[in-house]
Amino acid sequence: MTEQVYPVPAELKRDALIDKDRYQALYRQSVEDPDTFWAEQAEEFLTWQQKWHTVSKSDLNRGEVAWFLGGKLNVSVNCIDRHLAKRAEQTAIIWEGDDPADDQLISYQQLHTEVCRLANVLRERGVKKGDRVCLYMPMIPEACYAMLACTRIGAVHSVVFGGFSPDALKDRINDADCQVLITADEGLRGGKKVPLKANADKALANCPNVHTCLVVKRTGGDIDWNGKRDIWYRDAVEAAPEQCEPEWMDAEDPLFILYTSGSTGQPKGVLHTTGGYLLQAAMTHKYVFDYREGEVYWCTADVGWVTGHSYIVYGPLANGATSLMFEGVPTYPDASRCWQVVDKHGVNSFYTAPTAVRALMGAGDEFVTRTSRKSLRILGSVGEPINPEAWEWYYRVVGDERSPIMDTWWQTETGAHMMTPLPGAIDLKPGSCTVPFFGVQPVLLDAEGNEVEGAGEGSLAIKASWPSQLRTVYGDHQRCIDTYYSTYPGYYFTGDGARRDADGYYWITGRVDDVLNVSGHRMGTAEVESALVLHEQVAEAAVVGYPHDIKGQGIYAYVTLMEGAEPSDELKKALIQQCVQEIGAIAKPDIIQWAPGLPKTRSGKIMRRILRKIAANELDSLGDTSTLADPGVVDDLIGNRVNR
Ligand code: PRX
């Protein structure tokens, strides 16, 4: 980690929305008198139908969090209707298709019509306030319409990433008891088709409560049709009225569920509510990207992840911004695509993940330097630690040393940015997410749960509630308490480790639990292990992450076969296929090592620490292996390590 400092550029120091003094003053107010601070922000950023009576009420010991109690608002009204007087004709969404010749501009007026019509269709199909609707969509404008249409009528959306398998989709639909699914015939990414409807058909075969499946025609490919359940999206929407009365929601009414992985068990349905979430998404979008009226803002995430929720849809649209939505991948037709899109649409802020930066860096500078990129003002990074080498390249080659990089640390559970620089206020250090956003009080805890003072390292926890905090794990509040609030009573525990330097800057060191971060996608080792052991020839599996040049972390699986089963390349392929089938392509192990035995303690617990060291080739620091039931296992694993 370098400690080189990149000061705030002079121009931004002069005219950014927040400068250093203002950051310090506002931060102080936000932690000393949070209710006054957040009440002021809630007035400034959102339009309320009815004002709250209590700003906040929380008890972190019980995982109870509430903001703006008694307040009423509607998210679609905040993201669309209230902008119409001034920006009906302004572009709300620039859609850039997979094929560079394919794009579309959607004005706020058009967005209003699309969202209201779809909301009417949903109402007509019996969807009411509080009902759950599942979205399994490609990156097309209808994904955005569908999210907002749910909010219009108070339905709770659960977006499932289009790369998940039919099984994973089925589990999520059933866990949230969704009764309507919105999908497309096929998705299109990098010239390849993604069989969304075929996957949905497989999933729905085991989802008895889904009565309606709305299908967007994206490619026109051949699909099966269930006349009792399936409806063409366009036909339904075109027959629906263009006005739809919004449902006024309590600030604490659920807004969406988003499944995310933890160290144990099945993915959890993280639940976010209406007022606090929207406020923090909007406020961070404006200040972290120093967003000015009329600018074009592009976040490359998929709407299937929280970054897409908060920074393609809700934050930007709440601010009346122009948000670019990209269907494709950064390397198609070639590695110049992102910068061509930047030039084509005059993009001012560009927000992506380190894995994309590393992949593009590997393709060579020429793909970047042949484009202008002069519209770019602010760059962003999210999802995993950005290594200083990738940071420097992003800054120097992509940003021409003009655009500061906002390295934003946050999580599905936090809903919005938690630690991040602000362009006009915070000097940068490559690899550090720098300092907390307003209202966020990070602490580092030692093994005894005591707060580390000054420079030091520890488990990263948050000491006081913030508005966009998760409210519960859908259907299982105890699991929410167990996961986030019982490790360190009185704190929200992030699952990350971090270091704080003498300047008070934070450096995320990675997860301290059994959660992997592969290309910025979060995955539980337990999920991959469960997929592997489903194969009839597998007796046991242990999965760990290892450093990977492009993905950040790769998946390393140690597999013990059943008595009599023979290791083979075919079997490896079958196991990889098993993970694709159970979870999706993102869960493919990069390396499978046959392991006749696994390092276990005498009580039978697998010592993952040792497996991680072997996978990372860090054989000098294996630590004490004498407490293992059979220390000889380790030599065997080292001897049969897979070369890469
Ligand atoms: O480990 C941290 C890492 O991603 C985790 C959260 O993953 P997820 O809920 O999928 O949300 C990703 C998008 C917000 C965190 O616990 N992470 C996220 N952002 C950063 C990061 N690690 C280091 N630096 C970041 N900027």
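- An unreviewed UniProt entry annotates the protein chain as Acetyl-coenzyme A synthetase originating from Gilvimarinus japonicus.
- Listed in UniProt under the heading Cofactor (unreviewed entry), the comment for the protein chain reads: "Mg(2+)".
- Turning to the protein chain, the UniProt record has this under Sequence similarities (unreviewed entry): "Belongs to the ATP-dependent AMP-binding enzyme family."

Brief notes about the overall build of the protein chain
Next up, step 1: On a plain count of helices and strands, the protein chain comes out with 21 helices and 30 strands.
Next up, step 2: Taking the principal axes of the C-alpha coordinates as reference, the protein chain spans close to 75 × 60 × 55 Å.
Next up, step 3: Classification of the 644 residues of the protein chain by burial places 61% in the buried group.
Next up, step 4: Just so you have it, the protein chain exposes about 23,900 Å², and 47% of that area is on carbon and sulfur atoms.
Next up, step 5: Computing the positive centroid from 64 side-chain charges and the negative centroid from 88, the protein chain places the two 2 Å apart.

Some words on the sheet that holds strand β21 (residues 442-445)
Next up, step 1: Taken in spatial order, the four strands line up as β21-β22-β24-β25 in an open sheet, and their pairing is antiparallel. The strands lining the two open edges of the sheet, one partner per strand, are β21 and β25 (506-511). Strand-to-strand twist across the sheet, computed as the mean angle between neighbouring axes with direction ignored, equals 45 degrees.
Next up, step 2: Bridge analysis of strand β24 (residues 492-500) against β25 gives five bridges, and the strand direction is antiparallel. Among the inter-strand pairings, D496 is bridged to a residue of β25, identified as R511.

Topic: the nonpolar core
Next up, step 1: Of all hydrophobic cores here, the largest spans 202 residues; its most connected members are L111 and F438.
Next up, step 2: Looking at this core element by element, the count peaks at nine residues for helix α7 (residues 141-153).
Next up, step 3: Here L111 is in contact with I80, A92, I93, I106, Y145, L148 and L317, once residues within four sequence places are set aside.
Next up, step 4: Counting residues in hydrophobic clusters, the runner-up holds 20 residues, among them A595, I614, L622 and V633.

Points about the UniProt feature "binding site: ATP" (unreviewed entry) in the protein chain
Next up, step 1: With numbering aligned to this structure, UniProt lists the feature "binding site: ATP" (unreviewed entry) at G383, E384, P385, D407, T408, W409, W410, Q411, T412, D496, R511 and R522.
Next up, step 2: In this structure, P385 sits in the loop between β19 (378-382) and α16 (388-398).
Next up, step 3: Residue contacts for P385: discarding those within four places in its chain leaves P354, R358 and I508.
Next up, step 4: Here Q411 lies in the loop between β20 (405-408) and β21.

Some words on helix α6 (residues 108-124)
Next up, step 1: Its 17 residues place the ends of α6 24 Å apart at the C-alpha level, agreeing with the 24 Å of an ideal helix rising 1.5 Å per residue.
Next up, step 2: The buried fraction of α6 amounts to 13 of the 17 residues, a majority that puts the element mostly inside the structure.
Next up, step 3: One or two positions beyond α6, positive phi appears at G126, with a value near 90 degrees.

Cut-offs used in this document
- Residues numbered from 1 in each chain as written.
- Predicted model: local features only at pLDDT ≥ 70, side-chain atom pairs only at ≥ 80, totals over all residues.
- Heavy atoms only, no water.
- UniProt positions renumbered as here; feature names shortened; annotations may be inferred.
- Helix = DSSP H or I, 4+ residues; strand = E, 2+ residues; numbered from the N terminus.
- Buried < 20%, exposed > 50% of the residue type's maximum accessible area, 1.4 Å probe, protein only.
- Areas by Shrake-Rupley, 256 points an atom, 1.4 Å probe, with all protein chains shown as cover.
- Lys, Arg positive; Asp, Glu negative; His and termini not counted.
- Charge placed at Lys NZ, Arg CZ, Asp CG, Glu CD.
- Pairing = 2+ DSSP bridges.
- Axes fitted to C-alpha atoms, helices over the stretch in contact; angles between N-to-C directions.
- Core = buried A, V, L, I, M, F, W, Y, C linked by side-chain atoms within 4.5 Å.
- Contact = heavy atoms within 4.5 Å.
- Expected span 1.5 Å × (residues − 1).

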